[in-house]
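Per-entry structural report
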Amino acid sequence: MKRLLFTGLLITQMVSFADLLFGQEPQITNIGNRTTITLNGVWKYVVDPYQTGYYDYRREVRDQQADPSKSESLFLGYKAQDPSERVEYDFDKSDNILVPRDWNSQKEKLFYYEGTVWYYKKFDYPAPSAGARQFICFGAANYEAEVYLNGKKLGKHVGGFTPFNFEVTGKLNPTDNFVIVKVDNTRGLEKVPTINTDWWNYGGLTRDVNLVEVAGTFIQDYYIQLADNDPKNIDVSIILNGSEKANQQVTIEIPEANLKATCNTNGEGIAKTTIPAKNLKLWSPEAPFLYEVKLTHNNEVLTDKIGFRTIQTKGSDILLNGKPVFLRGICIHEENGVRGGRAYSREDAQMLLGWAKELGCNFVRLAHYPHNENMTRVADEMGMLVWSEVPVYWTIQWKNPDTYTNAHNQLTEMITRDKNRASVIIWSMANETPVSAERTDFLKSMIKTTRQFDPVRLVSAALERHSKPGTKNTQVIEDPLQDFVDIIAFNQYIGWYDGLPEKCKTAEFEINFDKPVMVSEFGGDALQGNHGSKDARWTEEFQEDLYRETLKMLDKIPQLRGITPWILADFRSPRRLLPDIQDGWNRKGLISETGDKKKAFYVLQEYYKKKKANYSTK
Ligand code: GCB
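The shown structure was predicted, so the numbers you read here are calculated from the model rather than taken from an experiment. Throughout this description, residue numbers start from 1 for each chain and increase along the sequence as written. Local features in this predicted model are restricted to residues whose pLDDT is 70 or higher, and side-chain atom pairs enter the listing and the counts only when it is 80 or higher, whereas totals over whole chains, interfaces and linings include all residues. Water and hydrogen atoms were dropped before computing side-chain values, which therefore reflect all heavy atoms in the structure.

Comments concerning the overall build of the protein chain
- A tally of helices and strands in the protein chain yields seven helices and 33 strands.
- Here the globule rule reads 2.2 Å times residues to the power 0.38, and the radius of gyration is calculated from C-alpha atoms. For 618 residues, the compact-globule estimate of 2.2 N^0.38 gives 25 Å, and the protein chain sits close to it at 25 Å.
- If you line up the protein chain on its principal axes, its C-alpha atoms span 75 × 60 × 45 Å.
- Residue exposure (1.4 Å probe, protein chains only): buried if accessible area is under 20% of the type maximum, exposed if over 50%, otherwise partly exposed. Going through the 618 residues of the protein chain one by one, you find that 62% of them count as buried.
- In this description, contact between two residues means that some pair of their heavy atoms is separated by no more than 4.5 Å. In the protein chain, of all internal contacts separated by at least 6 residues, the share reaching a separation of at least 24 is 72%.
- Accessible areas in this description were obtained via Shrake-Rupley with a 1.4 Å probe; residue shielding takes into account the shown protein chains only. Carbon together with sulfur atoms contributes 49% to the accessible area of the protein chain, which is approximately 23700 Å² in total.
- Side chains of the protein chain give 77 positive and 81 negative charges; the mean places of these two sets differ by 4 Å. Strands are runs of DSSP state E lasting at least 2 residues, helices are runs of H or I lasting at least 4, and numbering of each runs from the N terminus. In this tally, Asp and Glu contribute negative charge and Lys and Arg positive charge; neither His nor the terminal groups of the chain are included. One atom stands in for each charge, and that atom is NZ of Lys, CZ of Arg, CG of Asp or CD of Glu.

Written as structure tokens, this is what we have:
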């Protein structure tokens with residue numbers, strides 16, 4: 001009973017939080033299985049570094065004005081009516097840009113650009129179904145997006161890596177609609193992430209854009225997961241959106257498990273039930289079985305593919321489907337270095353996760369922000385466990401309530417999107433944040449929200465380690481957050497930022513917790529093809545030796561239950577300035593940006609082969 005109330009709370013909160021924050025509309029999930037018209041493809045764009053289209057010369061926001069200037073208000077998408085008229089922009093005559101894609105990797109002149117770009121696309125909508133509602137859905141826009149349809153503002157979204165949507169019912173014409181999006185990727189101290197990161201600030205409409213058509217009252221979202229890690233019960237919550245959401249019948253079917261249940265929504269449009277299930281085929285990396293799940297409400301049928309598995313900790317063990325598992329992981333940035341730019345497609349996900357498979361991984365840490373939905377869906381299909389993270393990175397403004405609201409919003413949007421993915425087992429709150437009372441309160445609140453939203457997954461954060469004063473080389477984790485997370489994860493770079501690989505030989509870790517321990521980062525830079533002595537930095541041999549020494553060192557931690565070395569592939573970072581070696585790339589990848597493997601790849605592959613033999617989850 002307690003459980004039922006909990007999932008009810010969960011899904012109610014999904015609605016109300018989104019409503020409260022930035023005046024956004026609740027997230028519609030599972031866009032891929034709905035009726036959509038894609039708005040991907042060729043858009044027009046205008047680079048506007050001074051935001052002339054947004055602010056007038058008194059710095060007043062044009063879209064707030066009763067009669068904004070047609071000559072300069074880009075969101076109006078206006079065209080001069082006769083030769084005498086002054087209009088200082090013209091989308092039709094502007095250059096093309098592809099969506100989804102970042103702008104930096106598409107246009108040489110925008111490689112380093114951080115600021116405002118206006119996106120423009122025309123589309124027709126000739127035959128709406130009777131009574132249907134329409135939404136424009138964005139997979140993500142980095143970092144702030146102001147969205148306009150046919151010259152009228154729809155709303156704004158903040159945060160570069162999570163989905164958002166706006167209702168456009170009654171605002172569409174059969175032909176010549178135009179959507180305009182002002183995307184601004186300016187970094188800011190108060191933002192999440194803040195100014196300082198170690199990755200490229202790719203701007204733009206980086207993920208899919210769709211026009212989604214739904215029924216007048218439709219299934220907005222649902223939560224279908226094993227109840228309390230109990231493989232014999234499936235908790236179901238379904239939420240309807242629309243004027244007739246109360247007292248409606250909804251049906252859930254899982255044909256391959258011979259399951260069918262019908263339930264009714266309450267006054268808020270929420271239907272809840274728990275379905276007893278016998279002999280479910282559980283999802284695992286070895287057997288990533290996904291059930292087809294069918295939800296029906298009136299004439300609407302929404303399908304998904306959902307895997308069922310349990311994830312728990314017991315003492316220092318991580319139990320997947322009740323059996324101890326060692327997380328053979330790797331960190332991944334959302335980047336396709338081979339093509340250049342942010343990763344966004346299924347093919348990108350297949351390439352990145354395929355490399356991880358080849359390495360022998362059963363786990364990936366998707367650093368340092370929520371990756372696109374193809375990653376978690378392909379991970380579900382491939383059998384790859386996932387750590388998913390929000391960009392609370394290094395030192396953000398812990399005391400700023402707006403910063404908190406922003407981080408909190410990104411967190412809830414991430415969980416809302418991926419709460420039905422079997423692959424996702426860990427929600428990560430942060431990376432390498434400096435210990436202080438404010439920071440710990442901030443992260444504790446985020447943990448509380450996470451557990452309310454998702455009572456079954458594990459919570460962690462990449463913490464830091466410190467040398468214990470007065471000892472030669474004893475390492476400790478002294479962070480009050482350790483009491484609030486399920487897995488103690490920390491990054492460490494002994495042998496790269498701290499001494500030479502030799503130092504690994506004498507290091508000891510003093511970790512007095514009866515919780516699973518994970519090393520969420522280690523590594524060092526090597527330029528692929530740069531060979532030399534193992535004592536020479538930037539060579540493949542140095543990196544190879546560092547991996548050998550680090551793995552030996554970490555194996556001495558009794559509670560070690562997983563590692564995610566830094567990182568699968570070289571990635572672009574403006575912080576990396578060394579000529580002929582870095583040239584704007586962080587070179588800690590096991591694979592170069594050309595897709596070539598470095599020597600350390602094979603060291604880790606060998607290590608994982610052995611680990612797999614010791615920790616079979618079969
Ligand atoms: C870290 C960060 C990661 C950096 C990495 C590095 O500790 O978490 O974002 O890219 O080190 O290469 O320095």
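A few points about the sheet that holds strand β16 (residues 291-297)
- Each pair of strands is called paired provided DSSP finds at least two bridges between the two strands. In space, the four strands of this open sheet follow the order β14-β13-β16-β17, with antiparallel pairing throughout. A strand with exactly one partner marks an edge of an open sheet, and here the two such strands are β14 (259-264) and β17 (300-306). Looking at each pair of strands side by side, their axes are set apart by 15 degrees on average, direction ignored. For helices, the axis comes from a line fit to the C-alpha atoms of the stretch in contact; other axes are also lines fit to C-alpha atoms, and the angle between any two N-to-C directions lies between 0 and 180 degrees.

Remarks on empty space enclosed by the protein
- A cavity here means a set of 1 Å grid points, computed over protein atoms only, where a 1.4 Å probe fits but cannot escape. A pocket is an open set with protein on both sides within 12 Å along at least 5 of 7 lines, and lining residues have an atom within 4 Å of a point. Grid points are joined across faces, edges and corners, and a volume is the space filled by probe spheres set on the points. Counted by the stated rule, this structure contains six cavities of 30 Å³ or more.
- When its volume is computed, the largest cavity comes out at roughly 130 Å³.
- Together, 14 residues line the largest cavity, and N142, Y143, R187, P193 and N201 are the ones closest to its centre.
- The residue classification treats Ala, Val, Leu, Ile, Met, Phe, Trp, Tyr, Cys and Pro as nonpolar and Asp, Glu, Lys and Arg as charged. All others, Gly included, are polar. Across the lining of the largest cavity, the residue classes tally to five nonpolar, seven polar and two charged.

Some remarks on helix α3 (residues 373-382)
- Within α3, seven of the ten residues are buried, which leaves it mostly tucked inside the rest of the structure.
- Here α3 has its buried residues at N374, M375, T376, R377, V378, A379 and D380.
- Pairing of N or O atoms within 3.5 Å defines a polar contact, subject to two protein rules: one partner must be a possible hydrogen donor and the other a possible acceptor, and residues neighboring in sequence count only if both atoms are side-chain atoms. The N-cap of α3, judged by a side-chain oxygen 3.1 Å from the amide nitrogen of N374 a few residues on, is N372.
- G383 sits one or two positions beyond α3 and adopts a positive phi of about 85 degrees.

Describing the environment of P288
- Relative to the assigned elements, P288 resides in the loop between β15 (270-276) and β16.
- Judged by its relative accessible area of 24%, P288 is partly exposed.
- In sequence terms P288 and I275 are 13 residues apart; their C-alpha atoms lie 21 Å from each other.
- The contact partners of P288, leaving out residues within four places of it in the chain, are W283, D380, E381, M382 and G383.

Focus: the pairing of strand β6 (residues 144-149)
- Of all six residues in β6, six are buried, a share of seventy percent or more.
- Side-chain alternation along β6 places E144, E146 and Y148 on one buried face and A145, V147 and L149 on a second face that is also buried.
- Counted between consecutive antiparallel strands, the loop separating β6 from strand β7 (residues 152-158) contains two residues, among which N150 sits at a positive phi close to 50 degrees.
- As judged from the six bridges shared by β6 and strand β9 (residues 177-184), these two strands associate in the antiparallel manner. Looking across to β9, one finds that E144 is bridged to D184.

Description of the sheet that holds strand β3 (residues 96-99)
- Strand order in the open sheet formed by six strands is β3-β2-β4-β9-β6-β7, with antiparallel pairing between adjacent strands. This sheet does not close on itself; its edge strands, each paired only once, are β3 and β7. Between one strand axis and the next, the sheet turns through 30 degrees on average, direction left out of account.
- In this sheet, β7 lies alongside β6 in antiparallel orientation, the contact comprising six bridges. Within β7, the position partnered with Y148 by the bridge is K153.

Some points on helix α5 (residues 437-453)
- Helix span is expected to be 1.5 Å times the residue number reduced by one. Over its 17 residues, α5 extends 24 Å from the first C-alpha to the last, a length consistent with the 24 Å expected when each residue adds 1.5 Å.
- Of all the positions in α5, only R439, T440, F442, L443, M446, I447, T449, T450 and F453 are classed as buried.

With respect to the site of the ligand
- Whether a residue is near a molecule or strand depends on its heavy atoms: it is near if one of them lies within 4 Å of it. Neighbouring residues of the ligand: 14 residues in total, closest D198, H368, Y393, E432 and Y497.
- For the ligand, an oxygen atom lies 2.5 Å from a polar atom in the side chain of D198.
- The contact in question runs from an oxygen atom of the ligand to an N or O atom on the side chain of N586, over 2.8 Å.
- Against a free-state accessible area of 320 Å², the protein chains account for coverage of 97% of the ligand.

Quick look at the packing of aromatic side chains
- Each Phe, Tyr or Trp ring (for Trp, its six-membered ring) is paired with any other whose centre lies within 6.5 Å, and the angle between the two planes then decides the class: stacked below 30 degrees, edge-to-face above 60, tilted in between. Applying the stated rule across the entire model yields 31 aromatic pairs.
- Connected via pairs of aromatic rings, a cluster forms that spans F161, W199, Y369, Y393 and W394.
- A cation sits over an aromatic face here: K281 above F289, 4.1 Å from the ring centre.
- In this analysis the charged atom, NZ for Lys or CZ for Arg, is taken to sit over a ring once it is within 6 Å of the ring centre and within 35 degrees of the ring normal. Lying over the aromatic face of F601, K597 brings its terminal NZ or CZ to 5.4 Å of the ring centre.

A closer look at the packing of helix α2 (residues 346-359) against α3
- At a closest axis distance of 9 Å, the pairing of α2 and α3 adopts a crossing angle of 50 degrees. Classified by the angle between their axes, α2 and α3 sit oblique to one another. Classified by chirality, the crossing of α3 by α2 is right-handed. Along its contact with α2, which presents R346, A349, Q350, L352, L353, G354 and K357, the element α3 presents N374, M375, V378, A379, E381 and M382.
- Of the residues assigned to the contact of α2 with α3, the class counts are seven nonpolar, three polar and three charged. Small angles under 35 degrees read as roughly parallel and large ones over 145 as roughly antiparallel, with 65 to 115 read as roughly perpendicular and the rest as oblique. We call a crossing left-handed when the near helix sits turned anticlockwise from the far one by less than a right angle, and right-handed when that turn is clockwise.

Let's talk about the confidence of the model for the protein chain
- The pLDDT averaged across the protein chain works out to 95; a share of 96% of its residues lies at or above 70.
- The least confident element of the protein chain is helix α1 (residues 2-20), whose mean pLDDT is 42; the most confident is strand β23 (residues 385-389), at 99.
- Taken as a whole, residues 1-9 scores under 50 in pLDDT and shows 18 contacts with residues more than four places along the chain or in a different chain. Looking at any residue, its pLDDT shows the predictor's confidence there, from 0 to 100.

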